[in-house]
Amino acid sequence: MPLRIIELKGSLFTLSVVKIYSDSLELISSSLSKKLASAPNFFANAPMVADLEKVDDTFPLSELVALFSEFNLVLVGITHASEQQKSYASTHGLAVLNAGKTAPESTEKPEIPPDATNAPAFVASKIVRGNVRSGQQVYAADTDLIITGSVSAGAEVIADGDIHVHGALRGRAIAGAKLNPHARIICQNMQAELISIAGNYLLSDSINSDLWQQAALVELNDGKILISAL
Amino acid sequence: MAKIIVVTSGKGGVGKTTSSAAIGTGLALKGHSTVIVDFDIGLRNLDLVMGCERRVVYDFVNVINGEANLNQALIKDKRVNNLYILPASQTRDKDALTRDGVGKVLEELKENFDYIICDSPAGIETGALMALYYADEAIVTTNPEVSSVRDSDRILGILHSKSNRAERNMDPIKEHLLLTRYHPERVAKGEMLSVDDVKEILAIPLLGVIPESQSVLNASNSGCPVILDEESDAGMAYSDAIERLLGETIDFRFLTAEKKGIFKRIFGG
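Residues numbered from 1 in each chain as written. Chains lettered and ligands numbered in written order. Predicted model: local features only at pLDDT ≥ 70, side-chain atom pairs only at ≥ 80, totals over all residues. Heavy atoms only, no water.

Participant: Would you take a moment to explain the sheet that holds strand 7 (residues 174–182) of chain B for this structure?
Facilitator: Strands pair in a sheet through their backbones, by hydrogen bonds, and they do so in one of two ways: parallel or antiparallel. Residue and element names in this part refer to chain B. Taken together, the eight strands give an open sheet; going across it, the order is 3-4-2-5-1-6-7-8, and neighbouring strands pair in mixed fashion. Taken across any chain shown, the strands that pair with only one partner, and hence form the sheet edges, are strand 3 (75–76) and strand 8 (206–211). For strand 1 (residues 3–8) and strand 5 (residues 115–119), the ladder comprises five bridges, and the chain directions are parallel. Across the sheet, residue I5 finds its bridge partner in strand 5, namely I117. Helix 1 (residues 16–29) contacts strand 1, strand 2 (34–38), strand 4 (83–86), strand 5, strand 6 (137–142) and strand 7 of the sheet and is inclined by roughly 170 degrees relative to strand 5. (Pairing = 2+ DSSP bridges. Helix = DSSP H or I, 4+ residues; strand = E, 2+ residues; numbered from the N terminus. Contact = heavy atoms within 4.5 Å. Axes fitted to C-alpha atoms, helices over the stretch in contact; angles between N-to-C directions.)

Participant: What's the story with the nonpolar core in this structure? I'm lost.
Facilitator: Within soluble globular proteins, side chains that are nonpolar generally end up buried alongside one another. Residues and elements named next belong to chain B. Formed by 50 residues in total, the largest nonpolar core has its most connected members in F39, F60, L86, V102, L109 and I116. A total of five residues in this core trace back to one element, the largest contributor, which is helix 7 (residues 146–161). The contact partners of F39, leaving out residues within four places of it in the chain, are F60, K94, L97, V102, C118, D119, S120, P121, G127, M130 and A131. Within the second largest apolar cluster, 33 residues are counted, among which are V7, A21, V49 and I227. (Core = buried A, V, L, I, M, F, W, Y, C linked by side-chain atoms within 4.5 Å. Buried < 20%, exposed > 50% of the residue type's maximum accessible area, 1.4 Å probe, protein only.)

Participant: What is the right way to read the packing of aromatic side chains from this model?
Facilitator: All names here are of chain B. Summed over all chains, the structure comprises three aromatic pairs over all chains. Consider the rings of F39 and F60, whose centres lie 5.1 Å apart with planes at 80 degrees: the pair is edge-to-face. With F39 in the loop between strand 2 and helix 2 (46–49) and F60 in helix 3 (residues 60–64), this pair connects stretches of sequence that are 21 residues apart. Here F39 matches F60 in class, with each residue buried. (Phe/Tyr/Trp six-rings, centres within 6.5 Å; stacked < 30°, edge-to-face > 60°.)

Participant: What exactly am I supposed to notice about the environment of I124(B) here?
Facilitator: Relative to the helices and strands, I124(B) is located in the loop between strand 5 and helix 6 (126–133). Ignoring any residue separated from it by four or fewer positions in sequence, one finds I124(B) in contact with L129(B), R154(B), I155(B) and I158(B).

Participant: Could you clarify how one ought to interpret the pairing of strand 12 (residues 194–197) of chain A in this entry?
Facilitator: Taken residue by residue, a regular strand's side chains alternate between the two faces of the sheet. Residue and element names in this part refer to chain A. Side chains of strand 12 alternate between two faces, with L194 and S196 and I195 and I197 buried alike. Pairing between strand 10 (residues 172–175) and strand 12: four bridges, direction parallel. Bridging across to strand 12, R172 finds its partner in L194. Of the pairings in the sheet, the one linking strand 12 to strand 13 (residues 200–203) comprises four bridges and is antiparallel in character. Paired with I195 across the two strands is L202, which belongs to strand 13. In this structure, the hairpin formed by strand 12 and strand 13 is closed by a connection of two residues, where A198 is found at a positive phi of approximately 50 degrees.

Participant: Would you explain the interface of chain B and chain A in this entry?
Facilitator: A common way to express how large an interface is: the accessible area buried when the components associate. Counting from both sides, the interface comprises 12 residues of chain B and, opposite them, nine residues of chain A. Of the roughly 860 Å² buried between chain B and chain A on both sides combined, carbon and sulfur atoms contribute 37%. Three residues stand out in chain B for area buried against chain A, namely R150(B), D153(B) and R154(B), and they jointly supply 48% of the buried area on that side. Across the chain B-chain A interface, the total number found is three salt bridges. As a salt-bridge pair, R133(A) and D153(B) come within 3.0 Å of each other at their nearest N and O atoms. The tally of links from chain B across to chain A stands at six residue pairs in polar contact (both at pLDDT 80 or more). Among the elements of the structure, helix 7 and helix 10 (195–202) of chain B are those that each provide at least two residues to the side of chain B that touches chain A. Per-element accounting of the side of chain B that touches chain A gives the leading share, seven residues, to helix 7 of chain B. (Buried area = accessible area lost by both parts, 1.4 Å probe. Salt bridge = Lys/Arg side-chain N within 4 Å of Asp/Glu carboxyl O. Polar contact = N/O pair within 3.5 Å; in protein donor to acceptor, adjacent residues only side chain to side chain.)

Participant: Before we go on, may I ask you to explain the packing of helix 1 (residues 25–38) of chain A against helix 2 (residues 61–70) of chain A in this structure?
Facilitator: A packed helix pair is summarised by two numbers, namely the angle formed by the two axes and the spacing between the axes. All names here are of chain A. The interhelical angle for the contact between helix 1 and helix 2, taken along N-to-C directions, is 25 degrees, at an axis separation of 11 Å. One finds that helix 1 runs roughly parallel with respect to helix 2. Considering the relative orientation of helix 1 and helix 2, their crossing is right-handed. Two secondary-structure elements touch here, helix 1 through L25, I28, S29 and L32 and helix 2 through E63, L64, L67 and F68. When grouped by side-chain class, the residues that make up the contact of helix 1 with helix 2 number six nonpolar, one polar and one charged. (Parallel < 35°, antiparallel > 145°, perpendicular 65-115°, else oblique. Left-handed = near helix turned anticlockwise from the far one by under 90°. Nonpolar A, V, L, I, M, F, W, Y, C, P; charged D, E, K, R; others polar.)

By themselves, these figures tell us nothing about what the structure is for.
Written out as C-alpha cells, the structure reads:
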C-alpha cells in the first residue's frame, strides 16, 4: 500500500468576519483597538476575513493587511471584493471567499420550506382484493398498488409507485408511471405480457425463461429493466 | 326467491345456447319451475335447440314494448313440466333491449318461476350486458382453448363491474365455470388446455365439464336438449352439473381419455 502523502477532505471552520464600513484606516484602527481591548487573548492570531462590501473598490488592501498584523490578527481572506482587490489577494496568498448568508443583520424570519409544514401527507396504497380480469385497468395515482389475486392476460395495472401482485401476473404492469425510476414490480408468479418501469419496458419474449412462472422482483438498473428471483 | 342465472362466455360458438337449454331443462326435470330467456335478439337460436321454433308467435321484444303480455309470449315445453321458453325476436336488433324493459320483464318472471336462465349472446355489447345485468349467478361457458379462456376472463371482469349487483354494492354475482367441448385425448396430447389450466387462469369454482360429443350436435339438430339423452356422456355431464348447481358435491366424470377395450365392449358407446 503506498504511503499516504496527502488526503483531501471537506471540513468546516469558524472564521470571524470583519465588516468594514469606512475607508479611513485611522478610524478602522481605533475601532479595532477598542473591540480587541475587551478580549485581547481571544483574538490573538485569530484568522479573519475582511468584508469589503461597503468600502471603495480602490480601498488599499495591502495597508489593511499591515494594520491587522499590528493587532496580531491574521487576515486569511476577503469577501465582497472588487476586481482590483481580488487580483491583489491572488498574488498575496489571500483567499477570495464568496460570502454565504450571514446570520445576524438580516431581520428576515428564517425561511421554512413550504413542504416542511404541510409536507405531502402519506398516500395510502391502493388495494384490489381479488383478481384484475382481462380488459380491466387499475391505476393507483401517486401511490403503490397491491393486488391480492392475479392479474389476467389482457388486464393492465398501473401505479405511480410500486406494484405488488400476490397472485400471478399475466397481464401488463406499469410501475413508476410518472417516471419514478425507483418504482418496482413484485409478483408471486411472473407471466407478464409486458412490464414497465418509468417508461422502460420489457415484453414477455424478453423475460428470462428461468424466471418465468417464478416469484420475481422487477426494478430499474442503469436505465435497464432487471428481473430477479424473490 | 327466484334466481336469475346468466349463461355467458364472451366468445361465440362455445355452447351457451346448448348449455342454457340443457341446464334449464335439467332444473325443470328436478321439479323447479324454470324459464329460459333468449337474449340473442336478431340471431334467435334457442327455439331451434329447444325444438319449439314453429310455435313462436310473440317474443321478448314484443313483451318489452308492451305489444304482448308474458303469457302470450311464453312457450311451454311439451316434454318437461314446469319448463318455458321466452324466445328472442329475429327481426330486431340488440338495441331493442332497454335496461328498464328487461328489468320489468324479469321482475314479472320472478313472480312465477324458481329459475330464470338468461341465454346471453356472444360479445360484450348491449345484448350480453343486458343478459348479465340482473343476474344473481353466472355460468361462464368456456372451451379449453386460450381465446375462449381470455374472453371468459373479460366477461368475469364485466360481471364484477357492470352488473346490477356490482353497481349497487350488493353481494357479487356467484360465478360458475362450465367447461364445454372437452376432449380428454387432445388434452393428453397437449393440444388443448386441461381442466386445471383453465381453473388456474379463471380462478372460479368448476360447475361441470362437458365432453365433446356427437350427441350434442345430434341433440341441437333434432331440437331436443342433450340432457334428455340419458345415454350420452354429455347428457350425463350436464346432469352432474345440475346437481352441483343445486348444491350437491359430485365427482367429475369424463376427464380422462377413455380406454378402448373391454369396458367399451361391455358398455357400448
